[in-house]
Amino acid sequence: MPEFTHDCSLIFPPGFHPGQPFLALPQLKSFIKDHGYHSKIYDFNLEAFHYFLEPTRAEENLKWAICHLIDLQDKDQLFSHERKKLPFLNYALQFGKEQLRQLSKSIEVFNNKDFYQQDLFLESKKNIHFFYRLACLQYGDSIFSFEVYYPHDGVHSPKKLLRNIKSSSKNLFYKFLQEQVSLLDFKVKVIGINASTRGQFHSALTLAYLLKKNGYLGDIIMGGSYITRLFPKRDLLKQNFMAIVDYFSFFEGEFNLLSLLQGNLGSSTSLLSKDTIYESKTPPVTNHHNPDFSDLNLDRYFSPDIVLPFQIRRGCIYGKCIFCEHPVFMESENKNRESPHIKSLVNSILALSKDYQTPYIYFIDEMILPLEMDEISQNLLESTHKIEFICYSYFSTALLKEGRISLWKKAGLKKMWMGLESFDPLVLRNMKKFRPNDSVEKCLTLFKQENLPVHLFLLLGFPGETPKSLDQTIEKLISFQDKLDSVFFSADLFCYTVYINSEAYTLRDKLQIEVFPQGELDIGITKWKLHNGLSSNDVQSFVDDSIKKLRGVFNTNHKTDINLLELNCLQDSTHLLYISHHEKMLK
């Protein structure tokens, strides 16, 4: 074994949007530094973004796609995989040049104040997805994607996945990652690779393979939220990937990484090796609120206005919605997590803002308690440093407390993201998502009074849904046009997806859901049938009709047929629509 010059390298692979600096690895860096270990973070995701969206390369990929379309049109008969490409190739022919003109503008939108205006942010993502998809085409429309553009046929078997990641002709990131690997210092004891999305899992495996192929002799540990989602399939990981990955890290990664550096695997939280899984009860992470972004060149995040992610706690404090995975995987972590000390938490926020010279904070928590946000706001107001932030919350009478939202706005709140899901009481009851019947309208009226932007998330097609209840939700949404005509209002419509780690999957027989997995490593099961109710195709048909209805009310200044085509060609299986409505812009 070589003499190691450093303790650890931490790598963020391609497959995630670079809308703001990522949080997981800066938190890991800070934690192990407090324990005497030195690490360096590499952002290959950002490098890939610049590489594949370079204007000359993007233009060449567009020309290739149009030539490919011409070749297909000259053939008498097409294979099924070729027919699948035709809608996208026709879209590229019709709109590709306009997309190319918008590319630089789309990149500039990322990570400045426009991040708070989700319509601009999403339009930029769609444009960027388009050019990543163009790049994929030259690799057989390969297994890889950019953030949420998933492969047509789901995640294939481990053997096929391994075969593809080792192929320079099928793997979009193979040559790019080979270049990055050649620049790494191999004299480090451990290399940690994060995988937060399915796309990152693919590129992380590619990276691990290339590290081993090029002679790296230290330990490779792979963790992140997607790896935790694979915890029920840990035997499958153990049987198939241990030739290129030495350890898989589940749940919280701090003690897993530290145990490897210390040579004491028994002190890990949950660490899988080729021989066994090491598990123990670990204490709360004491420096969770002090991420170290020093290795990231923040000026390269596409604009001068950096939005720093910040997290109060892991998991979700509500923990009841049965369509979600958080209650399953975060329960043990929440039990082992101390309540945040607000004063020190705010001091960390202020220190980060001053150190990295940005006032913009994005709370990535699924939910923050109103009482906690009150205390955070009070502490922020008592400081002399101005902060602007967005956060998630939920509809409840707690938000209606006199002066509460006004307090948050004075402290720097710029936008609320709210989980609406549905207006049908039966659907909400089936979701275990409880709220007072009139809380939505009262909260939205209050946001209007405070001139606060609000972004809503709706989940369509959950068991109990009917055409009538879907219509009710859409009509109610349309009625908000009058209630919210003075603020920036936006909404996401998602088609319900069954996740194998959710309570809904466990209760699928009771809920009468028949699911159709796509592959052994598929975590999001997109095909389902609800007996005596709506199928996923029924919901998709309804959404297509709803798009036309909503576009007629919430004018987005785009042609409906273009947007429908974009949904079919560019978006993933769940994100169906984005609408925005504003009659006067906020200052």
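Residues numbered from 1 in each chain as written. Predicted model: local features only at pLDDT ≥ 70, side-chain atom pairs only at ≥ 80, totals over all residues. Heavy atoms only, no water.

Q: Residue-level account of the overall build of the protein, with values.
A: Counting secondary structure elements, the protein contains 22 helices and 18 strands. Counting the 587 residues in the protein, one finds 57% classified as buried. Sequence separation of 24 or more characterises 77% of the internal contacts of the protein that already satisfy a separation of 6 or more. Of the accessible surface of the protein, which amounts to about 24,700 Å², a share of 49% is contributed by carbon and sulfur atoms. (Helix = DSSP H or I, 4+ residues; strand = E, 2+ residues; numbered from the N terminus. Buried < 20%, exposed > 50% of the residue type's maximum accessible area, 1.4 Å probe, protein only. Contact = heavy atoms within 4.5 Å. Areas by Shrake-Rupley, 256 points an atom, 1.4 Å probe, with all protein chains shown as cover.)

Q: Give me the lowdown on the sheet that holds strand β7 (residues 277–279), citing residues and values where you can.
A: Spatial strand order, β2-β1-β3-β4-β5-β6-β7: 7 strands in an open sheet with mixed pairing. Each edge of the open sheet is held by one strand with a lone partner, namely β2 (39–43) and β7. Averaged over all neighbouring strand pairs, the angle between strand axes comes to 20 degrees, with direction disregarded. The pairing of strand β4 (residues 219–223) with strand β5 (residues 247–249) spans 2 bridges and is classified as parallel. Following the sheet pairing, M222 is matched in β5 by F248. The sheet strands contacting helix α2 (residues 44–52) are β1 (6–12) and β2, and the helix crosses β2 at an angle near 25 degrees. (Pairing = 2+ DSSP bridges. Axes fitted to C-alpha atoms, helices over the stretch in contact; angles between N-to-C directions.)

Q: Describe the pattern of salt bridges, and please don't skip the residues or the numbers.
A: Counting across every chain of the model gives 12 salt bridges. A salt bridge links D374 to R404, with the nearest nitrogen and oxygen atoms 2.6 Å apart. A residue pair is termed long-range when its members are at least 10 positions apart, and D374 in helix α15 (residues 370–382) and R404 in helix α16 (residues 404–411) qualify at 30 residues. A salt bridge links E388 to K386; the nearest nitrogen and oxygen atoms lie 3.7 Å apart. The class for E388 is buried, based on a relative accessible area of 14%. Residue K386 is classed as exposed on the basis of its relative accessible area, which comes to 58%. (Salt bridge = Lys/Arg side-chain N within 4 Å of Asp/Glu carboxyl O.)

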